[in-house]
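Listed here are the chains, written in short residue letters.
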Amino acid sequence: MTDQEIRRLLDDQRTYYRSGATIPIGFRIEQLKRLYTAVRKYEDEIGDALKKDLGKSHYEGFMCESGLALSEISYMIRNIRRLAKRKTVHTPLAQFASHSYCQPVPYGNTLIMSPWNYPFLLTIDPLADAIAAGNTAIVKPSAYSPATSAIIEKILAECFPPEYVAVVTGGRKENAALLEQQFDFIFFTGSQAVGREVLRHAAEYLTPVVLELGGKSPCIVDSSANIRLAAKRIVFGKYLNCGQTCVAPDYVLCEATVKDELLTEIKKQIRLQFGDDPLTNPDYGKIINEKHFKRLCGLMDKEKIAFGGSKNEATCQIAPTVMDRICENDAIMGEEIFGPILPILTYDDFDRMVQSLKAKQKPLALYLFTSNKAHIKQVTEGLSYGGGCINDVVIHLATSEMGFGGVGESGMGAYHGKTGFAAFSHTKSIVDKKTWIDLPMRYQPYKNRFYEKLLHLFLK
């Protein structure tokens, strides 16, 4: 799509939004139901596209993408009237007589830029929030997942006119053209590097943004943890989608006294979950493209591979891999891994380890396996990170009842459910002042000391 076509598309969406067509709650519910029906209709094609782009099985595609998208759409359909309703708030006595309330309203014309690792979920999920909040949307899926982009385009074209919801496909040229436009709100999911560019362009127009980024999410295992269960859950979360999950455990911080036991259990769980030869497992995915495959291969130090390490360049596959004897200056610790490689580091002193995490960039997720309540309190209250789990991984994002988002270098803003509706809305604060009385104390001339005493009384 050319720059001129993108400008024309956005102009059409501005005209449509200004007509007021997206504002009625009944209209929004109707559009969400239409989207829900279409996702159900094309479930098989969605699964086929995810298999083609990422090697995902249909089961994993539904569990982690289309199923979660349907859940978010359903939440919005059920709760939109409550979320969109104005909320009365307390009115100070000094503003007598009046009615004060907060009214959520749409931002207007929004841009949603989604990534390739969960290309369906991370497009449709924020789109459902945008529609529920009453916005128009231009959706820009990733060029790295073309099959999924194609089914997204097919579904949205069938559901909505382009002046309401439209898809722009393509690569960097289209991304750059979109970011040159003045939107009312931008929602971006992707890397920190691209997130900085999005924020830089948004700043030109003072456009509000939500950035869902990533980072090196630690997984702490102390000596009080259920090691077998910890290994089982870590293996699930780390190697899901071949490690290409923004909230996957990036590395393990294990108390030294239980490291050998944990390593043994992780090896056992990899065999149980993926088989003796994961590269022949039809349900095991692949790396998105050759570029990322080679990057991951470059992070693996053969001398430190404790398990796995096999790869297939022809299919862009890397078997679930564990690296041991890792230190902070190893290449694997220099960037977010975003692949099926799990480094294991050890610590001896829990307090010192927590202090060391405070000095690092704030991760999108953090996981702690423990039965020590003091350790739970220390981590959840003392460390800054987007979100996480105690004695599990990844699952905190699979609900519409809690917001999901990063902090600091891992992002800004959050979405899902009520938080997602709020992300795509501006909340107006309104005072409806009555006309049947008009107290004189705020008007000049300020000569009556009685009113000053009365104002002090009002402020108490």
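Above this note sits the structure.
Residues numbered from 1 in each chain as written. Predicted model: local features only at pLDDT ≥ 70, side-chain atom pairs only at ≥ 80, totals over all residues. Heavy atoms only, no water.

1. Some thoughts on a positive patch on the surface
What counts here: Patch membership requires over 30% relative accessible area and the absence of a salt bridge. Like charges are linked within 9 Å, and nonpolar side chains (Val, Leu, Ile, Met, Phe, Trp, Tyr) within 5 Å. Note on areas: Shrake-Rupley, 1.4 Å probe, and residue coverage restricted to the protein chains presented here. Just to be clear on terms, a salt bridge is a Lys or Arg side-chain nitrogen sitting within 4 Å of an Asp or Glu carboxyl oxygen. Within this scheme the basic residues Lys and Arg register as positive and the acidic residues Asp and Glu register as negative, but His and the chain ends are omitted. For the purpose of locating charges, the reference atoms are NZ of Lys, CZ of Arg, CG of Asp and CD of Glu. Working definition: helices are DSSP H or I runs of at least four residues, strands are E runs of at least two. Numbering for both runs from the N terminus.
Together, Arg 82, Lys 85, Lys 87 and Lys 418 make up a positively charged patch on the protein surface. Within the element layout of this structure, Lys 85 appears in the loop between α4 (58-84) and β1 (87-89).

2. Details of helix α6 (residues 146-159)
The line we're drawing: Helix span, expected: 1.5 Å multiplied by one less than the number of residues in the helix. When a residue's accessible area, from a 1.4 Å probe over protein chains only, is under 20% of the maximum for its type it is buried; when over 50% it is exposed; and in between it is partly exposed. In this description, contact between two residues means that some pair of their heavy atoms is separated by no more than 4.5 Å.
Here α6 contains 14 residues, and its C-alpha end-to-end distance of 20 Å stays within 8% of the 20 Å for a straight helix at 1.5 Å per residue. Within α6 the residues assigned to the buried category are Ala 147, Thr 148, Ser 149, Ile 151, Ile 152, Ile 155, Leu 156 and Cys 159. Taken together, the buried residues of α6 touch α2 (25-41), α3 (43-54), α5 (121-133), β4 (136-140) and β5 (165-167).

3. Examining the sheet that holds strand β13 (residues 321-323)
Let me state the cut-off plainly: Strand pairing follows a simple DSSP-based rule, namely that at least 2 bridges must link the two strands. Here an axis means a line fitted to C-alpha atoms, over the contact stretch when the element is a helix, while the angle between two N-to-C directions is reported on a 0 to 180 degree scale.
One open sheet accounts for seven strands, arranged β10-β13-β14-β9-β8-β15-β16; its pairing is mixed. Across the chains shown, the open sheet's two edge strands, defined by having one partner strand only, are β10 (305-307) and β16 (387-390). Going from strand to strand, the sheet's axes swing by 25° on average, the running direction of each strand aside. Summarising the sheet, strand β15 (residues 365-369) and β16 pair through four bridges and their orientation is parallel. Across the sheet, Tyr 367 pairs through a bridge with Cys 389, a residue of β16. Sheet strands in contact with helix α12 (residues 350-358) are β8 (218-221), β9 (251-255), β14 (341-347) and β15, and its direction is about 175° off that of β8. Where helix α13 (residues 373-382) meets the sheet, it contacts β8, β15 and β16, and its direction lies at approximately 175° from that of β15.

4. A short note on the nonpolar core
The test is simple: Nonpolar cores were defined as sets of buried Ala, Val, Leu, Ile, Met, Phe, Trp, Tyr and Cys residues, with membership established by side-chain atoms within 4.5 Å.
The biggest cluster of nonpolar side chains holds 119 residues, and the ones touching the most others in it are Leu 35, Leu 127, Ile 155, Leu 156 and Ile 220. For Leu 127, the contacting residues outside a window of four places in its chain are Leu 35, Ile 112, Ala 137, Val 139, Leu 156 and Val 165. The next biggest cluster of nonpolar side chains, apart from the first, holds 19 residues, and it includes Leu 9, Ile 138, Ala 166 and Leu 179.

5. Re the packing of aromatic side chains
Note the following rule: Aromatic pairs are defined between Phe, Tyr and Trp rings, using the six-membered ring for Trp, whenever the two ring centres lie within 6.5 Å; interplanar angles under 30 degrees are classed as stacked, those over 60 as edge-to-face, and all others as tilted. Ring-over charges, as used throughout, are those where CZ of Arg or NZ of Lys falls within 6 Å of the ring centre and within 35 degrees of the ring normal.
What the rule picks out here adds up to 13 aromatic pairs. Measuring from centroid to centroid gives 6.3 Å for Phe 404 and Tyr 415, while their planes differ by 65°, and the two rings are edge-to-face. Taken together, the positions of Phe 404 in strand β17 (residues 404-405) and Tyr 415 in strand β19 (residues 414-415) put the pair eleven residues apart, joining distant regions of the chain. The residues Phe 404 and Tyr 415 share a single accessibility class, namely buried. These aromatic residues form a ring-pair network of at least three members: Tyr 107, Phe 185, Phe 187, Phe 404, Tyr 415 and Phe 424. The ring of Tyr 101 carries Arg 86 above its face, with NZ or CZ at 4.0 Å from the centroid.

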